[in-house]
Amino acid sequence: MHPPNRSARPSGRTRLRRFLSILSAAVVAIGVSAAISAPADAASTLGASAAERGGRYFGAAVAAGRLGDSTYVNILNREFNSVTAENEMKWSSTEPQRGSFNYTSANRIVNHALGQGMKIRGHALLWHQQQPGWAQGLSGSDLRNAAINHVTQVATYFRGKIDSWDVVNEAFADGGSGGRRDSNLQRTGNDWIEAAFRAADAADPGAKLCYNDYNTDGINAKSTGIYNMVRDFKARGVPIDCVGFQSHLGGSISGDYQANLQRFADLGVDVQITELDVAQGSNQANIYATVTRACLAVSRCNGITVWGIRDSDSWRTGENPLLFDASGNKKAAYTSTLNALNGGSTNPTPTPTPTSGGPIDTNAWYVLVNRTSGKALDVYGLSTA
Ligand code: 9MR
């Protein structure tokens, strides 16, 4: 259902009054309690709702080993329209011996995703962790050549299937330096990142090529270091299309989370939330909603990926940081995320109050529903103008 053309509709208090009189008429006419529930156009799954918001995706990190778990797969297929292989596309998985590639586990995820019409985020071509033992023992031009060959081979193999590749993962240092992290890859020369992007671009020109990192969830020294690299890449024509913000979050979120996404978008790259999870606590549902609203507010934010499906699937053992509990039930964080995607209240139980003179959300669409039948009677937008 699409909202009516707002500009064609009466504005301001007239419309609100008309709405309220229709509301009471409806109550009288149908003789049952009627209620306004925000918002109209409310898709009932994360993926469908994100798709309605400018063709965005809502994805999950998936483990090939869990694809035989029907609870897991049912949630995946119902809720998500994008996947990231949690480990199966990493260097140690795809090239366990030098020059010998193995895509068996990755393909279980890829084939599942393609069969469901889901997008695929490729994660990750180069990273200082999860390198195969043989690469850990290399250095200098031997390592550089092996790394670039790895990028070329893997990106070529999956050409045409990957929406966005994390070409380089976590190459910047934590702390205040704003500089690169020391690693065997970094020691091959500072240009290793741009060499990887050029190789990935040559291998799969259709995929979006991302730089991905954590602790970049606000304007800080690390995110500014990355910002400066992206600005330099854009100025010199290095093919970079997007920046991934992992967003492994604790009990609070930086007030400039959205502004940080926006400053990268303003450089001419897309932004994506790539590994979202939030420690369980009183703020979990709000933080999920805040991240979701931030992505929706930045037109170049393509989508959000959560780093797992159920709490029991998470790498953050004991922190219960995901949207579904261990039994696969939706948590309050799920509801707040879906409501944020749908543009309405972020409360787990929406309680819009247009009849009480409370604040009017001019960005929301409201639906008048028959509470008994659950049927939608009409769609309204409110305006204070
Ligand atoms: O969730 C992944 C976990 O299963 C692996 O053991 C771990 C290996 O380092 O990587 C985890 O995923 C990481 C991702 O690839 C990059 N960003 C941080 C993620 C959490 O550690």
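Residues numbered from 1 in each chain as written. Predicted model: local features only at pLDDT ≥ 70, side-chain atom pairs only at ≥ 80, totals over all residues. Heavy atoms only, no water.

Visitor: Where do I start with helix H9 (residues 221-236) in this structure?
Guide: It helps to recall that an α-helix has 3.6 residues per turn; residues three or four apart then point in one direction. With 16 residues, H9 should reach 22 Å at 1.5 Å per residue; the first-to-last C-alpha distance of 23 Å fits that figure. Among the residues of H9, those classed as buried are Lys-222, Ser-223, Gly-225, Ile-226, Tyr-227, Met-229, Val-230 and Phe-233. For H9, the side-chain oxygen to backbone nitrogen distance between the N-cap and Lys-222 is 3.1 Å, and the N-cap itself is Asn-220. At the C-terminal side of H9, Gly-237 shows a positive phi close to 75 degrees. (Helix = DSSP H or I, 4+ residues; strand = E, 2+ residues; numbered from the N terminus. Expected span 1.5 Å × (residues − 1). Buried < 20%, exposed > 50% of the residue type's maximum accessible area, 1.4 Å probe, protein only. Polar contact = N/O pair within 3.5 Å; in protein donor to acceptor, adjacent residues only side chain to side chain.)

Visitor: Explain helix H8 (residues 192-203) here, please?
Guide: Between its first and last C-alpha atoms H8 spans 16 Å; for 12 residues at 1.5 Å apiece the expected length is 16 Å, and the two agree. Turning to H8, the residues buried within the fold contact strand S4 (119-127), helix H7 (140-157), strand S5 (164-169), strand S6 (208-213) and H9. (Contact = heavy atoms within 4.5 Å.)

Visitor: Sorry, what's going on with the state of the cysteines here?
Guide: Put plainly, two cysteines are in a disulfide when a covalent bond ties their sulfur atoms together. By the definition in use, this model includes two disulfides. Here Cys-210 engages in a disulfide with Cys-242; their sulfurs sit 2.1 Å apart. Between Cys-210 and Cys-242 the disulfide shows an S-S torsion of about -90 degrees. By sign, it is left-handed. Residue Cys-210 is found in strand S6, and its partner Cys-242 is found in strand S7 (residues 242-245); the two are separated by 32 residues along the sequence. Of the two residues examined, Cys-210 and Cys-242, each falls in the buried class. Sulfur-sulfur distance for the disulfide between Cys-295 and Cys-301 comes to 2.0 Å. On the S-S bond that ties Cys-295 to Cys-301, the torsion sits near -100 degrees, and the link is left-handed. Described in terms of the sequence order of its bonded cysteines, the disulfide pattern of the protein is 1-2, 3-4. (Disulfide = S-S within 2.5 Å.)

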